[in-house]
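# Residue-level structural notes
This is what each chain is made of:
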Amino acid sequence: MRCRRLGAVAGALLSFLSPAYAAETRAGQILERFSNANQWRDHVMVVAHRSGGLQAGKTRYAENSLAALHAAIAAGAEMVEVDVRRSADGEFVVMHDSWLDRTTTCRGEVIERTLAELRTCRLVVEGTGTATQEPVSTLREFLEAARDRILVNIDNKLDVASLPGMIEVARSLGVADQTVVKENLWNKRRIDEVDKALGAAGRGFLFMPIIADDAVRDHVFVEEVSRTFAPSAIEMINWRNGAANLTETGGPLFSTRMRAAAVRGNWHIWADTYAIVNKPGGFLAGGRGDELAVSASLPAESWGFWAERGATIIQTDEPDAAIQWLNANGYRVPYGERPQEPASTASIN
């Protein structure tokens, strides 16, 4: 398949980067860890969901905003996740919902507004209802603001055929190697569909599959995904059993065999602890979400649990709090440091 050639893309990207680039830019340092999962199993990377808007359970920034992006960078997050839609005149814009009502001062569908019209909409801080001075951003503007400082994870809210266009925006800015696109995969037909779309996009970008446990229950399918796309990470969604009871195992996507598959494929296991609107806290995390960590003051039962289940990337609405706790509890290796070689020991035989 076309994307088998992507097997070496993540590593090849590093070979294209000069040592000075990797040393001098934060994004280069992050990319090195993202692309070499097996060398960094003792470091948990943090992704700011919708750029990260919460602090201590309270909304501080509008979601998918440049203000949230800058705060995530300041907190030390490795990646921000953003949602992408299209304006009436074909421009890719950063917006989660198909409508404007919840997150902006405007009303109606995004696709029915031109970019010029969207520029008149101001982002709103959900929870407080406060209107900011920040307009809806284009994908281009967002990637430019993140350049060399943090990786950007694109959650495509359009069809699969739109992926090459988004990748081309990143490529035109010279940040395709700092941009991770992702899609849900659940059967062989879907693998082939995404493989074809990515093949049309060419090379020089990062792709990450999303796997959910309502459709995938064993490691066999995930290993096929790994062979086809050779990703640097796979996002695992644990929502089959909801959040009524705290999961004790992490579910089938966090099994011993799945962790072994991740090691064989050299990819990160990505866990989600952020909340979903109108769903109970921890819905994507077997009850072990951000609310448990922050509102119940049990971070070890949330972020710590997923780290112990093999997750080396955690996507959260609380990037600042997660990073502080993970740092304090030995789940992160400071940048500039490398894993120590094991010391030689005398045999006791």
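See the structure above.
Residues numbered from 1 in each chain as written. Predicted model: local features only at pLDDT ≥ 70, side-chain atom pairs only at ≥ 80, totals over all residues. Heavy atoms only, no water.

This part takes up the overall build of the chain. Check the secondary structure of the chain and you find 13 helices and 13 strands. Every one of the 349 residues in the chain was classed for burial, and the buried ones make up 54%. A sequence separation of at least 24 residues applies to 70% of the contacts in the chain between residues at least 6 apart. By element, 50% of the accessible surface of the chain is carried by carbon and sulfur atoms, the whole surface being about 14,900 Å². (Helix = DSSP H or I, 4+ residues; strand = E, 2+ residues; numbered from the N terminus. Buried < 20%, exposed > 50% of the residue type's maximum accessible area, 1.4 Å probe, protein only. Contact = heavy atoms within 4.5 Å. Areas by Shrake-Rupley, 256 points an atom, 1.4 Å probe, with all protein chains shown as cover.)

In terms of nonpolar packing, the biggest core is built from 67 residues, with L198, I211, M236 and W267 touching the most fellow members. Ignoring any residue separated from it by four or fewer positions in sequence, one finds M236 in contact with I211, V222, L253, F254, M258, W267, I269, W270, A271 and D272. Residues I30, V47, M79 and M208 belong to the second largest nonpolar core, which totals 14 residues. (Core = buried A, V, L, I, M, F, W, Y, C linked by side-chain atoms within 4.5 Å.)

Applying the stated criterion across every chain yields a total of 1 disulfide. Paired by a disulfide, C106 and C121 hold their sulfur atoms 2.2 Å apart. On the sign convention where negative is left-handed, the bridge of C106 and C121, at about -105 degrees about the S-S bond, is left-handed. Of this pair, C106 sits in the loop between β5 (92-94) and α5 (115-118) while C121 sits in the loop between α5 and β6 (122-125), placing them 15 residues apart in sequence. Residue C106 is classed as buried on the basis of its relative accessible area of 9%. (Disulfide = S-S within 2.5 Å.)

Along the polypeptide, E134 turns up in strand β7 (residues 130-135). Here the side chain of E134 touches A67 through a polar contact of 3.3 Å, landing on its backbone nitrogen. Residues contacting E134, with those up to four places away along its chain left out, are S65, L66, A67, C121, R122 and L123. (Polar contact = N/O pair within 3.5 Å; in protein donor to acceptor, adjacent residues only side chain to side chain.)

Here the focus is the pattern of salt bridges. All told, the structure shown has 16 salt bridges when counted by the stated rule. Between R332 and E78 there is a salt bridge, and its shortest N-O distance comes to 3.1 Å. With R332 in the segment after α13 (319-328) and E78 in the loop between α4 (66-75) and β4 (79-86), this residue pair connects regions lying 254 residues apart in the sequence. Residue K188 pairs with D192 through a salt bridge whose shortest N-O separation is 2.9 Å. Here the residue K188 and the residue D192 both occupy positions in helix α8 (residues 188-200), the gap between them amounting to 4 residues, near one helical turn. Judged by relative accessible area, K188 falls into the partly exposed class, the value being 38%. Within this structure, R50, E63, D97, R102 and E126 form a network of salt bridges that share partners. (Salt bridge = Lys/Arg side-chain N within 4 Å of Asp/Glu carboxyl O.)

The next point concerns the pairing of β7. Alignment of β6 against β7, held across 3 bridges, turns out to be antiparallel. Counterpart to R122 in the pairing with β7 is P135. Where β6 hands over to β7, the hairpin turn is made up of 4 residues, of which G127 adopts a positive phi near 105 degrees. (Pairing = 2+ DSSP bridges.)

Our focus in this paragraph is the pairing of strand β10 (residues 206-212). Burial runs high along β10: 7 of the 7 residues are buried. Along β10, one buried face is formed by L206, M208, I210 and A212 and the opposite face, lined by F207, P209 and I211, is buried too. In this structure, strand β9 (residues 179-184) lies alongside β10, joined through 5 bridges in parallel fashion. Note that in β10 the partner of V181 across the bridge is F207. For the segment spanning β9, α8 and β10, crossover handedness is right-handed. (Right-handed = clockwise from strand over helix to strand, strands pointing away.)

So, to be careful, I would describe these as geometric facts and stop short of saying anything about function.
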